[in-house]
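Examination of the molecular architecture
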Amino acid sequence: MKIFYSEVHRKHYPPFELFDGGKRMPYFENPERMDWILDALKKTDWADFVEPADFGLNPILEVHDKDYITFLASAWTEWLDSDPEVAAAPEKNAFLPATFALRRTPRVPSTLLGKAGYYIMDLSACIVEATYEAALASAYCALSAADSISSSSENHSYPAFALCRPPGHHAGKDYAAGYCFINNASVAANWLSSKGKVAILDIDYHAGNGTQDIFFERNDILTISIHGDPEYEYPHYIGFADETGAGIGVGFHHNFPLPAGTDEMQYLLILNKAARLIKEFAPKYLVISAGMDIFDGDPLGKFKITQNGFTEIGKRIAALGIPTVVVMEGGYANEALGTNTVNLLENFK
Ligand SMILES: [Zn+2]
């Protein structure tokens, strides 16, 4: 299986994040996550590592607002220029706003901090020097994986894995959130949609709010997210069952919010429902937003999926028989990440 991966992500390592209650914490979404996955993949006999290609900005600007991407590209430099204390010790700092926009009016502020509060949803999307570069490389991994499955022969399409970091599914059209800056799965799905219908199945523990935001008014891309109920879980404001799309997109988005403590049996029943929806839609391509934070023991999740559960989930998705790109999202139980990822992926090889 082709695994698209870039080392550039290592340079995106904010020194802290601010957690619920204002707690300053080490950054959960850290480069070591990738090391655990790389180690496990290298022990298999089917992982074929490939550097992503450069796709330029166009495929990204087809799903993200241009001014938001411009903000991401220059925020860190502008921040350094504006504050001598930060410039004296950049490695100890991360750029975050302290004021957030109430989006009742479409006005985008002109100042750096004003823009930050407009374009950033929470205090985990910390920007450091290489954030933009890493986010681009991550999106290119997803695009390269999409290109790889779509250029396979008519009779046989090989699946591909985009080992993306930073992750993407919380990033909306014009905002960063939940460790995500560019929505990798959405960029890949949109790119594939010029060749046929696409379904995105998001199995990360957290609702795929960004993906929902991006495709909410489209009927050529089916989006499904299975996640912790936003009644008790991040992202809190989106991901409810009655959000099913808008305009021509009505009926083409499905949220399956689940209670804390959801175990494998309960989870697999819902996964079967999602699989039926995908079959009915009959997409040419499938994109999986693969978060491993549904694992029992993940510090940011409350589900009870075992390591074998990932095998079973992978088996059921692979049984759909659709050319598939698996895109890495969250997962913070670092020591279990390698096994969980391999267990999911080996069904597709
Ligand atoms: Zn997550």
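Presented here is an overview of the structure given in this document. (Residues numbered from 1 in each chain as written. Predicted model: local features only at pLDDT ≥ 70, side-chain atom pairs only at ≥ 80, totals over all residues. Heavy atoms only, no water.)

Brief notes about the overall build of the protein
Assigned secondary structure in the protein consists of eleven helices and ten strands. Here the C-alpha atoms of the protein give a radius of gyration of 19 Å, agreeing with the 20 Å that 2.2 N^0.38 yields for 349 residues. Counting only C-alpha atoms, the protein reaches 55 × 45 × 40 Å along its principal axes. When burial is assessed residue by residue, the protein has 58% of its 349 residues classed as buried. Approximately 14,400 Å² of the protein is accessible, and the part contributed by carbon and sulfur atoms is 53%. Charge-centre separation for the protein: the mean point of 28 positive side chains lies 3 Å from the mean point of 45 negative side chains. (Helix = DSSP H or I, 4+ residues; strand = E, 2+ residues; numbered from the N terminus. Rg over C-alpha atoms; globule rule 2.2 N^0.38 Å. Buried < 20%, exposed > 50% of the residue type's maximum accessible area, 1.4 Å probe, protein only. Areas by Shrake-Rupley, 256 points an atom, 1.4 Å probe, with all protein chains shown as cover. Lys, Arg positive; Asp, Glu negative; His and termini not counted. Charge placed at Lys NZ, Arg CZ, Asp CG, Glu CD.)

Here we look at the packing of helix H1 (residues 32–42) against helix H11 (residues 334–345)
Where H1 meets H11, the axes come as close as 8 Å, and the angle between the chain directions of the two elements is 45 degrees. Comparing their axes, H11 and H1 come out oblique. Two packed elements cross with a definite hand, and for H1 against H11 that hand is right-handed. Together, Glu-32, Arg-33, Trp-36, Ile-37, Ala-40 and Leu-41 of H1 and Asn-334, Glu-335, Leu-337, Gly-338, Thr-339, Thr-341, Val-342 and Leu-345 of H11 make up the contact between the two elements. Each residue belonging to the contact of H1 with H11 can be placed in one class, and the counts come to seven nonpolar, four polar and three charged. (Axes fitted to C-alpha atoms, helices over the stretch in contact; angles between N-to-C directions. Parallel < 35°, antiparallel > 145°, perpendicular 65-115°, else oblique. Left-handed = near helix turned anticlockwise from the far one by under 90°. Contact = heavy atoms within 4.5 Å. Nonpolar A, V, L, I, M, F, W, Y, C, P; charged D, E, K, R; others polar.)

Description of the pattern of salt bridges
Scanning the model with the defined rule gives ten salt bridges in all. Residue Glu-133 pairs with Lys-11 through a salt bridge whose shortest N-O separation is 3.0 Å. With Glu-133 in helix H6 (residues 131–150) and Lys-11 in the loop between strand S1 (2–4) and strand S2 (17–19), this pair connects stretches of sequence that are 122 residues apart. Residue classification places Glu-133 among the partly exposed positions, given a relative accessible area of 39%. Its salt-bridge partner being Glu-312, residue Arg-316 comes within 2.9 Å of it at the nearest N-O pair. On the criterion of helical spacing, the pair formed by Arg-316 and Glu-312 is a turn pair, its members being four residues apart in helix H10 (residues 307–318). A relative accessible area of 25% means that Glu-312 is categorised as partly exposed. A single salt-bridge network, built from bridges that share partners, covers Glu-7, Arg-10 and Asp-35. (Salt bridge = Lys/Arg side-chain N within 4 Å of Asp/Glu carboxyl O.)

Topic: the coordination of the zinc ion
Bound to the zinc ion on the protein side are Asp-204 (OD), His-206 (ND1) and Asp-293 (OD), at distances that span 2.0 to 2.2 Å. Read in sequence order, the donor residues coordinating the zinc ion give the pattern D-x1-H-x86-D. Of this pair, Asp-204 sits in the loop between strand S6 (198–202) and helix H8 (209–215) while Asp-293 is found in the loop between strand S9 (285–290) and H10, placing the two residues 89 residues apart along the sequence. For the residue pair Asp-204 and Asp-293, the accessibility class agrees, reading buried in each case. (Donors = N, O, S within 2.8 Å, 3.2 Å for Na, K, Ca; no water.)

Notes on the side chain of Ser-289
With respect to the element layout, Ser-289 can be found in strand S9. Residue classification places Ser-289 among the buried positions, given a relative accessible area of 0%. Within the structure, the side chain of Ser-289 is placed 2.7 Å from the side chain of Glu-329, a separation counted as a polar contact. With sequence-adjacent residues up to four places away left out, Ser-289 is seen in contact with His-169, Ala-185, Leu-201, Asp-202, Ile-203, Asp-204, Val-327 and Glu-329. (Polar contact = N/O pair within 3.5 Å; in protein donor to acceptor, adjacent residues only side chain to side chain.)

Topic: the nonpolar core
With 51 residues, the main nonpolar core has Phe-71, Phe-95, Ile-127, Ile-182 and Leu-192 as its most contacted residues. Looking at this core element by element, the count peaks at eleven residues for H6. Excluding anything up to four places from it in sequence, Ile-127 contacts Phe-71, Leu-72, Ala-75, Trp-76, Ala-94, Phe-95, Ile-120 and Phe-181. Among the nonpolar cores identified, the runner-up in size contains 50 residues, and Ile-37, Leu-268, Leu-320 and Phe-348 belong to it. (Core = buried A, V, L, I, M, F, W, Y, C linked by side-chain atoms within 4.5 Å.)

Overview of unusual backbone geometry
The step from Arg-165 to Pro-166 runs through a cis peptide bond, and the omega angle for that step is -5 degrees. Here the amide bond leading from Tyr-234 into Pro-235 is cis, since omega sits at 5 degrees, within 30 degrees of zero. Tracing the backbone through its elements, the reader meets Pro-235 in the loop between strand S7 (221–228) and strand S8 (253–258). Its identity is not glycine, yet His-236 carries a phi of approximately 65 degrees, on the positive side. Within the element layout of this structure, His-236 appears in the loop between S7 and S8. Relative accessible area serves as the criterion here: at 35%, His-236 is assigned to the partly exposed category.

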